[in-house]
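One letter stands for each residue in the lines below.
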Amino acid sequence: MIFLILALIAGAATILGGALALYTGLKNVDLRYLAGFSAGVLISTALLVMLPEVKGSLWAAGLGFFFLYFFEKLTIIHACQERECPYKFHHVGWLPVSGLTLDNVVDGAGIAVGSILSPILGVTVALAVATHELPQGLSMAVIMKAKYRGSKILIALFLAAMFTPLGALLSFLIPEAVFEHILAFAAGTFIYIGASDLLPEAHEKFNLKVILSVLLGGLLITALGIWT
Ligand SMILES: [Zn+2]
């Protein structure tokens, strides 16, 4: 049941991100370092840790990548700052939260399946989930703030966050034969979020320290990957 605890912690990062946006000055601080670090962690986790475990189901990684691409373009769930969401006022509502919710189900299932295959793999996947849920929860709160009160936003983020442990619990229903497909699918979504959302966000302006943040995230996972 360790994966359920990991999924709860990773899901809580969504709420923490939202709370930081609502109740601290963090939203005004440049978040490019966080986005860069998160991108480094996500892409490295997918390529160096998850995909080597699932050689036979690389097609599922492609499916995860394009699934998230289509879904995101329909719901605008990318992790971006206020000034970088020109369409935000047209997309405020419950639809982006539903996108976050769906992403969390995939995250939770990835944590559970990873943990079952190897405990350190589960921890690494949970770390990758937590690092991208933080900026995702944060940007979601910033977007929703235009229309909803803080308490309402936190309830929405709490409900979305609950879908991470729920996704983990779903692993009880998943036959073992498709575990590798699930892990590959989650890896595909990680690559999409890292390369398509977080890296462009991090490099909005050129800054060498952002590159160092990306490398730091990548090196952390490389170090963890040695034990998987
Ligand atoms: Zn996620």
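## Points about the nonpolar core
Here's step 1: One finds Leu 42, Ile 111, Ala 141, Leu 157, Leu 183, Ala 186 and Ala 187 to be the most contacted residues of the largest nonpolar core, which totals 70 residues.
Here's step 2: Not counting the four nearest positions on each side in its chain, Leu 183 is found in contact with Met 50, Glu 53, Val 54, Gly 110, Val 113 and Gly 114.

## Re the packing of helix H2 (residues 32–50) against helix H6 (residues 119–144)
Here's step 1: Orientation of H2 relative to H6, taken along the N-to-C sense of each, is 150°, at an axis distance of 9 Å. Between H2 and H6, the angle is such that the two are roughly antiparallel. The handedness of the crossing between H2 and H6 comes out as left-handed. Packed against H2, whose contacting residues are Leu 34, Ala 35, Phe 37, Ser 38, Val 41, Leu 42, Thr 45, Val 49 and Met 50, the element H6 presents Leu 121, Thr 124, Val 125, Leu 127, Ala 128, Thr 131, His 132, Leu 134 and Pro 135 at the interface.
Here's step 2: Looking at the contact of H2 with H6, its residues break down into 13 nonpolar, five polar and no charged.

## A few points about the packing of helix H1 (residues 2–23) against helix H7 (residues 150–169)
Here's step 1: Relative to each other, H1 and H7 sit at 160°, their axes nearing to 8 Å. Taken together, the axes of H1 and H7 lie roughly antiparallel to each other. Between H1 and H7 the crossing geometry is right-handed.
Here's step 2: Broken down by class, the residue content of the contact of H1 with H7 amounts to 19 nonpolar, six polar and no charged.

## Some remarks on helix H9 (residues 208–225)
Here's step 1: A rise of 1.5 Å per residue sets the reference length of H9, with its 18 residues, at 26 Å; its end C-alpha atoms lie 26 Å apart and thus fit the reference within 8%.
Here's step 2: Turning to H9, its buried residues number three or more, namely Val 210, Ser 213, Val 214, Gly 217, Gly 218, Ile 221 and Leu 224. Seen end-on, H9 carries its buried residues on one side only, within an arc spanning 130°. Residues Leu 208, Lys 209 and Ala 223 are exposed on H9 and point more than 90 degrees away from its buried face.
Here's step 3: Elements that come into contact with the buried residues of H9 comprise H2, H6 and helix H8 (179–202).

Procedures and definitions
Residues numbered from 1 in each chain as written. Predicted model: local features only at pLDDT ≥ 70, side-chain atom pairs only at ≥ 80, totals over all residues. Core = buried A, V, L, I, M, F, W, Y, C linked by C-beta atoms within 7 Å. Buried ≥ 20, exposed ≤ 12 C-beta atoms within 10 Å, placed from the backbone. Contact = placed C-beta atoms within 7 Å. Axes fitted to C-alpha atoms, helices over the stretch in contact; angles between N-to-C directions. Helix = DSSP H or I, 4+ residues; strand = E, 2+ residues; numbered from the N terminus. Parallel < 35°, antiparallel > 145°, perpendicular 65-115°, else oblique. Left-handed = near helix turned anticlockwise from the far one by under 90°. Nonpolar A, V, L, I, M, F, W, Y, C, P; charged D, E, K, R; others polar. Expected span 1.5 Å × (residues − 1). Arc of directions from axis to C-beta.

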